[in-house]
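The chain contents come next:
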Amino acid sequence: MNLLEVKNLKKYFATQKAVDDISFGLRKGSIFGLLGPNGAGKTTLIRMITGIFYPDEGEILLNGKTFDPINDVGQIGYMPEERGLYKKMKIGEQAVYLAQLKGLSKAEAVAKVKEWFIKFEMQSWWNKKVEDLSKGMGQKLQFVTTVLHEPKLIILDEPFSGLDPVNSNLIKDEINNLAKKGATIIFSTHRMEQVEEICDHIILVNKGKKILDGSVNEVKQQFKENLYSIGLEQIPVSFSSSHFEVIGKKDNSLVIKIGNGFRPNDVLQYFIQQNANVVSFNEMLPSLSDIFIKLVEGTPLARQFQSVTA
Amino acid sequence: MNKIWLVLQREYLTRVKKRSFLLTTILVPLIIIGFYAAIIAISISGSTNSQKIAVLDEDSLFNGKISVPNGDQANYTFIQNETEQSFKEKYKTLGYSSFLYVPKLNIDKPLGIKLHSQAAVSLSDKGKIESIINKAIETKRMVAAQIDPEKYKAISADVTVDNTIDSANGEKKAVAGVAYAFSFAAGILIYMILLIYGMMVMRGVMEEKVNRIAEVIVSSVKPFQLMLGKIIGIGAVGLTQFGIWLILMFLLQLIIPVIFPGIFHQMAAAQAAQPGGQENMLLTISEGIKSLPIGLMVFCFVFYFLGGYLIYASLFAAVGSAVSEDQQEAQQLTFPIMMPIILAFVIMTKAVNDPNSSLAIFGSLFPLTSPIVMMGRIAYSPPAWQIILSMVLLILGFLFFTWLTAKIYRTGILMYGKKITWKEMWKWAVRKS
């Protein structure tokens, strides 16, 4: 059963169809990438899932039941892109306060905060104030406050911004850990290489509509262009074949596009017949970044305002 | 409910624990006490400051004798064998602070009386001297008109009217000045509370927005709960502050006589030295206070403090949510909220003079002005139906404005980087959810 099920969600603002009929489902324990250019409607979509906005139309099911923004907040941990903490408040108190707002009792909250502070080596921070922290340290604290109450659904909007590689990895490992323990994670970012690394499933949103949905591998297969790289001991002086065309050449390797109806074996056979020693042969799948650009390109960079008649 | 309580607790504790809270809470009463002490010190020292005034009486207006009224510490000395010109040069060196010159007078048209001094004479000193001269001239005129001054004194009347208030608990003596002072003070106090604590709410909301914590919080708490928790929490800070001030003032009143044992005695002595009529001023004031509906006033003060605070705090919260970062923007947006407060203050100053005028009645019923204006009227015991209507309207006003501002607040705190106008805020408020 899917942990989260979003059905035909719509949210129209005065000048924009921010979210226009989006549906998707999330398997329990999966890490889900929510991608899209700026202003595509990701934040609005997330705000509906977290109960901050009410959808105009459509349905959100959490654990098979209609999502109840008042009672289900304890099951959700949300780290917004525009995030921050009370600057003048002590760090320990602040983390406890945020956990209490999620429904934990004071004693539970204190115990959890201590546990996480030890895990992230933050024990000495308890009586410091947020204004004393660097940006990266603040992000780390923010992450802890997001996952502290063991939410079933964790929504992270650009979680790595402002983190150095060491802390990035720390958070990345923790995200994987949480997913293994059964938490479902929605991960919204513009950094495609992170999505490829972390996510099992992605959707791409543009102009309020879903334009792509599938596992990372599926998506790549869907957009592959039959490109292969072939490494040869020595490139034959002249060769031509109807099986493929050469797209690029670098040192002793070629990038080729295999023609319709032909298979990699046909290509290999051709080179073997030519007495050329094949050193390597790889399928070249498009990167998510390429796919993203391909799909979004051509649509205006900044989303235009449109009049809405709903 | 539980979440409002959590927010409330945080808002309350973070403010009360601040060093600046302790500082203002303890310093303000000390400053007030210091102020009083200074006034007392001045009033005591002022009465012992005696002046030496020389009198050159060419008309023998005073017949060589000036009857100094009670409380006037000035010392008049008659000068002989001098002219105005000659004495002008030396009165300073002879130790006189000023010198009064009375030329030959036409008793029907007394002109040319002059008071020479090195520096301008104070208004009260000038008044005293004028009254002495007037008395002397009156006496002369009476003699000229063949009226016996003694007889005149016997016939002239000086009546004071005692205003008693007839209430169920019997008669009470009313003292207009006391009701006036209390009304005015209560009105000003509410006015200041609305501004100071309203601004505090606004800054609190802006802090949440500027620090970008608003979205984090509203993912666990409804915006309305957050707003209400903040407003009530800061209101509780205000009540705490007042409570501490009351206790401190009570304690200081107990302590002052111990530290300065002679002070009340001295004050009483100073007052006794004042010219007649004011001799029992303290007594009059305490009697005046007794005449006021104290119970009603305290109840109304608490009620209007809470009601007014809740209304204006929700308005200030809405403005705070619409401001992104710019202090100047905040000032522009708060202006429309400040206007009714200032208007209320102006009506209140009218109402204490004329508590039953139609403007005062309107002002004390309209929810945006009633907290201030009604406090200005309350000491004059306005009709019960007006008080009740005003309170009902205040509660309705509070519910209405909270409902309205909650909608603005909900949208505003998640808006970044855009300058919000009143028109847009109005759109958010009336949009159905």
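Visitor: Could you give an account of the pairing of strand 8 (residues 184-188) of chain A, with specific residues and numbers?
Guide: Looking along a regular strand, one sees the side chains alternate between the two faces of the sheet. All names here are of chain A. Of all five residues in strand 8, five are buried, a share of seventy percent or more. Of the two faces of strand 8, both are covered, the one formed by T184, I186 and S188 as well as the one formed by I185 and F187. Where strand 7 (residues 153-157) and strand 8 come together, five bridges link them in parallel fashion. When the sheet's bridge partners are listed, D157 is paired in strand 8 with S188. Handedness of the crossover is the feature at issue here: the chain leaves strand 7, passes through helix 5 (residues 165-180), returns alongside strand 8, and the resulting connection is right-handed.

Visitor: Give me the lowdown on the interface of chain B and chain A, citing residues and values where you can.
Guide: Taken together, the contacts link 15 residues of chain B with 18 residues of chain A. Among the elements of the structure, helix 1 (2-16) and helix 7 (214-218) of chain B are those that each provide at least two residues to the side of chain B that touches chain A.

Visitor: How would you explain the sheet that holds strand 1 (residues 2-12) of chain A if you had to name every residue and give the values?
Guide: Residue and element names in this part refer to chain A. In spatial order, the strands read 2-1-4-5; together these four strands make up an open sheet with antiparallel pairing. Lying at the two open borders of the sheet, with one neighbouring strand each, are strand 2 (17-27) and strand 5 (65-66). Pairing geometry for strand 4 (residues 57-62) and strand 5, over two bridges, is antiparallel. Residue pairing in the sheet places L62 in a bridge with K65 of strand 5.

Visitor: So what's going on with the packing of helix 12 (residues 327-353) of chain B against helix 14 (residues 370-377) of chain B? Which residues, and what values?
Guide: Packed helices, taken two at a time, are described by the angle their axes make and the gap between the axes. Residue and element names in this part refer to chain B. Close contact between helix 12 and helix 14 brings their axes to 8 Å; oriented N to C, the two are set at 10 degrees. If you check the angle between helix 12 and helix 14, you find them roughly parallel. In terms of crossing hand, the pair formed by helix 12 and helix 14 is right-handed. In this structure, helix 12 uses A344, F345, I347, M348, A351 and V352 to contact helix 14, whose residues at the interface are I372, V373, G376 and R377. In terms of residue class, the contact of helix 12 with helix 14 is made up of eight nonpolar, one polar and one charged.

Visitor: Can you lay out the nonpolar core for me, pointing to particular residues and giving the numbers?
Guide: If you look at the biggest cluster of nonpolar residues, it comprises 137 residues, and the most contacted ones within it are A:I155, B:A313 and B:A317. Looking at this core element by element, the count peaks at 14 residues for helix 11 (residues 294-322) of chain B. Beyond its immediate sequence surroundings of up to four residues, B:A317 is in contact with B:V201, B:M202, B:V205, B:M227, B:K230, B:I231, B:T405 and B:Y409. Of all hydrophobic cores here, the second largest spans 16 residues; its members include B:I53, B:I66, B:Y96 and B:V102.

Visitor: Outline the domain arrangement of chain A, supporting the account with residue identities and numerical values.
Guide: Under the domain assignment used here, chain A contains domain 1 (2-221) and domain 2 (225-283). Just the C-alpha atoms count here: the centres of domain 1 of chain A and domain 2 of chain A sit 45 Å apart.

Visitor: Would you mind going over the packing of helix 15 (residues 384-412) of chain B against helix 16 (residues 422-430) of chain B in detail, with residue names and values included?
Guide: Residues and elements named next belong to chain B. At their nearest, the axes of helix 15 and helix 16 sit 8 Å apart, and the two run at 110 degrees to each other. By the angle between their directions, the pair helix 15 and helix 16 is classed as roughly perpendicular. Of the two elements, helix 15 crosses helix 16, and the hand of that crossing is right-handed. Across the interface between the two elements, L404, K407, I408 and T411 from helix 15 touch M425, W428 and A429 from helix 16. Along the lines of polarity and charge, the residues of the contact of helix 15 with helix 16 split into five nonpolar, one polar and one charged.

Rules and cut-offs
- Residues numbered from 1 in each chain as written.
- Chains lettered and ligands numbered in written order.
- Predicted model: local features only at pLDDT ≥ 70, side-chain atom pairs only at ≥ 80, totals over all residues.
- Buried ≥ 20, exposed ≤ 12 C-beta atoms within 10 Å, placed from the backbone.
- Helix = DSSP H or I, 4+ residues; strand = E, 2+ residues; numbered from the N terminus.
- Pairing = 2+ DSSP bridges.
- Right-handed = clockwise from strand over helix to strand, strands pointing away.
- Contact = placed C-beta atoms within 7 Å.
- Axes fitted to C-alpha atoms, helices over the stretch in contact; angles between N-to-C directions.
- Parallel < 35°, antiparallel > 145°, perpendicular 65-115°, else oblique.
- Left-handed = near helix turned anticlockwise from the far one by under 90°.
- Nonpolar A, V, L, I, M, F, W, Y, C, P; charged D, E, K, R; others polar.
- Core = buried A, V, L, I, M, F, W, Y, C linked by C-beta atoms within 7 Å.
- Domains from an automatic or database assignment.

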